[in-house]
Amino acid sequence: MRFYEKHILPGLTHLTMGQEQLLPYRRRAVSGAKGRVLEIGIGSGLNLALYPDAVDQIVGVDPSPELLHRAAQASQGLTPTTEMIEGVAEALPLENRSVDCVVATWTLCSVSEPEKVLAEIRRVLKPDGAFRFVEHGTAPEPGVQRWQRWLTPAWKHCAGNCHLDRQTDTLVEQNGFRMERLDTGYAKGPKPFVFMYEGQARLY
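Residues numbered from 1 in each chain as written. Predicted model: local features only at pLDDT ≥ 70, side-chain atom pairs only at ≥ 80, totals over all residues. Heavy atoms only, no water.

Quick look at empty space enclosed by the protein
Right, so step 1: The full count for this structure, using the stated rule, is one cavity of 30 Å³ or more.
Right, so step 2: Estimated volume of the largest cavity: approximately 30 Å³.
Right, so step 3: Lining the largest cavity are Tyr25, Arg28, Ala29, Phe133, Val134, Arg181, Glu198 and Gly199.
Right, so step 4: Broken down by secondary-structure element, the contributors of at least two residues to the lining of the largest cavity are helix 2 (23-31), strand 5 (125-136) and strand 7 (195-203).
Right, so step 5: No other element matches the three residues that helix 2 contributes to the lining of the largest cavity. (1 Å grid on protein atoms, 1.4 Å probe; cavity = no way out; pocket = protein on both sides within 12 Å on 5 of 7 lines; lining within 4 Å. Points joined across faces, edges and corners; volume = space filled by probe spheres on them. Helix = DSSP H or I, 4+ residues; strand = E, 2+ residues; numbered from the N terminus.)

Here's what the structure looks like:
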């Protein structure tokens, strides 16, 4: 399994998450970012070239050194300064209230402990900071939900711990955030995999 995670999964993740249909979601997620930005699960850095001029610094955190290497390459020549850190979002190596914005694109589905991740986001965000995200998760139809629950145990083993059945809005709202904006709907593809949550939340 370690061979797969080290040599196969990073390339598959980069190709899968680089789909053209995901680009508008990425653009919207980063569009309101400003100041010092933390991107959890930065992966291969597919968002880096999309950040607006209002961003001064991007700190990227990811547990995969292989994907971080790709992200470092993608950051070359960009205007915002960048820092890539190997680590997990459940234990962010940043000071309290040190970032203006946290961005997550298809990350909460794959972390081991989403409640701890959201607690860490609360800790590092400034009081007026924003948490901007796009995630996939639980669909509204019971029939699709059954498929999501049935597929997830096998899917997470081949897709980097990705869960198809996490309810992103509930997770965010039950862990210290108030939702300022939330848009949901299906992207193109098999329904169990493509129900999207896009939003911005702030600290209570």
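The rest of the description comes next.
Considering the pairing of strand 5
Right, so step 1: Counting buried positions along strand 5 yields nine of twelve residues, so the element is predominantly enclosed.
Right, so step 2: As paired elements, strand 4 (residues 99-105) and strand 5 share six bridges and run parallel to each other. What sits directly across from Thr105, in strand 5, is Val134.
Right, so step 3: Pairing analysis gives seven bridges linking strand 5 to strand 7, with the strands arranged antiparallel. Its bridge partner being in strand 7, Glu135 is matched across the sheet by Tyr197. (Buried < 20%, exposed > 50% of the residue type's maximum accessible area, 1.4 Å probe, protein only. Pairing = 2+ DSSP bridges.)

Description of helix 5 (residues 142-158)
For an α-helix, the turn length of 3.6 residues means that residues three or four places apart are oriented alike.
Right, so step 1: Along its 17 residues, helix 5 runs 25 Å from first to last C-alpha, staying within 8% of the 24 Å computed at 1.5 Å per residue.
Right, so step 2: Helix geometry: helix 5 is bent most strongly at Thr152, by close to 50 degrees, with proline Pro153 lying one to four residues after it.
Right, so step 3: Here helix 5 has its buried residues at Val144, Gln148 and Thr152.
Right, so step 4: Trailing helix 5 by a residue or two, Gly160 shows a phi angle of about 65 degrees, which is positive. (Expected span 1.5 Å × (residues − 1). Bend = angle between axes of the 7 residues up to and from the residue.)

A few points about the sheet that holds strand 4
Think of a sheet as strands paired side by side through backbone hydrogen bonds, with each pair either parallel or antiparallel.
Right, so step 1: Across the sheet, seven strands lie side by side as 3-2-1-4-5-7-6; this open sheet has mixed pairing. Among the strands making up the open sheet, the edge pair consists of strand 3 (81-86) and strand 6 (177-186). Going from strand to strand, the sheet's axes swing by 15 degrees on average, the running direction of each strand aside.
Right, so step 2: Pairing of strand 2 (residues 55-62) with strand 3, which is carried by six bridges, proceeds in the parallel orientation. Looking across to strand 3, one finds that Gln57 is bridged to Thr81.
Right, so step 3: Against the sheet, helix 2 makes contact with strand 4, strand 5, strand 6 and strand 7, and its axis sits at roughly 170 degrees relative to strand 5, the strand it touches most. (Axes fitted to C-alpha atoms, helices over the stretch in contact; angles between N-to-C directions. Contact = heavy atoms within 4.5 Å.)

Description of unusual backbone geometry
Right, so step 1: Positive phi values are uncommon outside glycine, yet Arg97 reaches one of about 50 degrees.
Right, so step 2: Looking at the secondary structure, you find Arg97 in the loop between strand 3 and strand 4.
Right, so step 3: Exposure remark for Arg97: the relative accessible area of 57% places this residue in the exposed category.
Right, so step 4: Of note, Asn161 is a non-glycine position whose phi angle comes to about 70 degrees, a positive value.
Right, so step 5: Residue position: Asn161 is located in the loop between helix 5 and helix 6 (168-173).

Concerning the packing of aromatic side chains
Right, so step 1: Here the structure, examined in full by the defined rule, presents seven aromatic pairs.
Right, so step 2: Between Trp147 and Trp150, the ring centres sit 5.5 Å apart and the planes meet at 90 degrees, which makes this aromatic pair edge-to-face. Taken together, the positions of Trp147 and Trp150, both in helix 5 and three residues apart, correspond to about one turn of that helix.
Right, so step 3: Under the relative-accessibility criterion, Trp150 is labelled exposed at 62%.
Right, so step 4: Taken together, a centroid distance of 5.0 Å and an interplanar angle of 75 degrees make the contact between Tyr186 and Phe195 edge-to-face.
Right, so step 5: An aromatic cluster of at least three residues, connected via ring pairs, comprises Phe131, Phe133 and Phe177.
Right, so step 6: The ring of Tyr25 carries Arg28 above its face, with NZ or CZ at 5.0 Å from the centroid.
Right, so step 7: Over the ring of Tyr186 we find Lys191; its NZ or CZ atom is 5.0 Å from the centre of that ring. (Phe/Tyr/Trp six-rings, centres within 6.5 Å; stacked < 30°, edge-to-face > 60°. Lys NZ or Arg CZ within 6 Å of the ring centre and 35° of its normal.)

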